[in-house]
2 protein chains.
Amino acid sequence: MINLNIYTKKLRESGLRPTRQRLKICEVLFSPEKTFHFTVNDLKKIIEEKLSEKISLATVYNTIHAFKKKGYLKEISINSDKSYFDTNTTDHQHFFDEDKSELIDCGDDEIDSINIKRNITGKKIKSIEVLIRVASDNQNQN
Amino acid sequence: MINLNIYTKKLRESGLRPTRQRLKICEVLFSPEKTFHFTVNDLKKIIEEKLSEKISLATVYNTIHAFKKKGYLKEISINSDKSYFDTNTTDHQHFFDEDKSELIDCGDDEIDSINIKRNITGKKIKSIEVLIRVASDNQNQN
DNA sequence: AATTAGATTAAAACAATTCTAAACTGTTGA
DNA sequence: TCAACAGTTTAGAATTGTTTTAATCTAATT
Ligand SMILES: [Mn+2]
Ligand SMILES: [Mn+2]
Ligand SMILES: [Zn+2]
Ligand SMILES: [Zn+2]
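The present account deals with the structure reproduced in this document. Residue positions are counted from 1 within each chain, in the order its sequence is given. Here every chain gets a letter starting at A, and every ligand a number starting at 1, in the order they are written. Side-chain atom pairs in this predicted model are given and counted only at pLDDT of 80 or more, local residue features only at pLDDT of at least 70, and totals for whole chains, interfaces and linings cover all residues. Only hydrogens and water are removed before side-chain values are computed, so all heavy atoms of the structure are retained for them.

**With respect to the relation of the copies chain B and chain A**
One copy of the chain maps onto the second through a rotation around an axis plus a translation along that axis.
Part 1: We place the copies in one frame by least squares, fitting the C-alpha atoms of every residue whose pLDDT is at least 70 in both. Expressed as a screw transformation, the operator carrying chain B onto chain A has a rotation angle of 180° and an axial translation of 0.0 Å, and the superposed copies differ by an RMSD of 0.1 Å. A rotation of that kind, with that shift, is consistent with a two-fold axis. Proximity to the rotation axis, assessed at the C-alpha, singles out V130 of chain B in chain B; its C-alpha lies 2.2 Å from the axis.

Okay, here's the thing in structure tokens:
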């Protein structure tokens, strides 16, 4: 299988051995044509239900964190009880659909580039994150 | 005391009775000249240590949430285990100092206004949040 | 003052995440 | 090839921020 080498390489580069569980994680994260957003529980469910591979939460967390550290995944800031991750690691922004608790990509071409006129002394900008919260018009905005 | 009426009004407008604990919360949140950012625990500590008023976490949470709902406080989205609130309810953006886990206001004049070229069908934009993560140059960026 | 609706509180429940430690597996080099 | 080691998996426990509960208390209304 062609992709196995790619997965193994990504794992090795993240400081991880290519184990059965981790290769399944790679299959879910890196084989789809399209990038997507997910929570840790989403990922665990996909592996267990679609790929029929039992996997512990601890393994999912440890692999995801290694990928994030290496830059193969991004974490998105939302005020939510759970963390959201993104397989799209390019520079882009997000809509957050509050009705469905779902992230939607906002391409670089769909938003004007952010220009910051101030800098914090002695600090470097690590990232600029934009979150556009949306909800259906007739919404209880509590 | 002049401010008592203001606090009582804010509480009443948030659907809350002006109790001893809640007036202390108001004193902390709404008397300072400058706005500030805080976590629930920060607030509890200030009330107990500086104002010597015992207060339960449940009361802090319930009051903060009522103020947020009414618009007297804003909650800021950061990927953090805890929630950050802001007594500055005007439209503004933030720097997040990752070294100190501290928010810094970014005035409207310090960042170009965000122009979004796409809209999500059937959805209304509720807010546009920008978070600029900063850290000292020589930083372990794990 | 009595009544009642709402508030306070300690403690329990909850949920996401992290940690632990024992069993297991991939890798390496003899 | 295979023993030995280092790294991995896992269930379950621990941790942490937040929410809920239910008993007690208090502000508001009469
Ligand atoms: Mn959490
Ligand atoms: Mn939490
Ligand atoms: Zn995305
Ligand atoms: Zn602010």
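**A short note on helix α3 (residues 40-50) of chain A**
Residue and element names in this part refer to chain A.
Part 1: The buried label goes to any residue with under 20% of its type's maximum accessible area, the exposed label to any with over 50%, and the partly exposed label to all in between, with areas taken from a 1.4 Å probe on protein chains only. Only runs of H or I of at least four residues qualify as helices and only runs of E of at least two qualify as strands under DSSP, and these elements are numbered from the N terminus. Among all positions in α3, only V40, L43, K44 and I47 are buried. One side of α3 holds all its buried residues, which, seen down the axis, span an arc of 100°. Away from the buried face of α3 by more than 90 degrees, exposed residues E49 and K50 are located.
Part 2: For α3, the secondary structure elements touched by its buried residues are α2 (20-30), β1 (37-38), α4 (57-70) and β3 (84-86).
Part 3: Directly beyond the C-terminal end of α3, a positive phi value near 50° is found at S52. As used here, the arc is the angular range of directions from the helix axis to the C-beta atoms. Only heavy atoms matter for contacts: two residues are in contact if any of them lie within 4.5 Å across the pair.

**Looking at the sheet that holds β1 of chain A**
All names here are of chain A.
Part 1: Reading across from one edge, β1-β3-β2 is the order of the 3 strands in this open sheet, with antiparallel pairing throughout. The sheet is open, and its two borders are formed by β1 and β2 (74-76), each paired with just one other strand.
Part 2: DSSP-based pairing: two strands are paired if at least 2 bridges between them are found. Sheet topology note: the β1/β3 ladder contains 2 bridges and is antiparallel. Bridge assignment links F38 to a residue of β3, and that residue is F85.

**Topic: the interface of chain B and chain A**
Part 1: Across the contact, 42 residues belong to chain B and 42 residues belong to chain A.
Part 2: Summed over both partners, the accessible area lost on bringing two parts together, with a 1.4 Å probe, is the buried area. Carbon and sulfur atoms make up 51% of the surface buried where chain B meets chain A, a total of about 3800 Å² over both sides.
Part 3: It is R118, K123 and K126 of chain B in chain B that bury the most area against chain A; as a group they hold 16% of the surface buried on that side.
Part 4: One speaks of a salt bridge when a side-chain nitrogen belonging to Lys or Arg is within 4 Å of a carboxyl oxygen belonging to Asp or Glu. Here chain B and chain A share 10 salt bridges between them.

Don't take any of this as a statement about function, it's just geometry.
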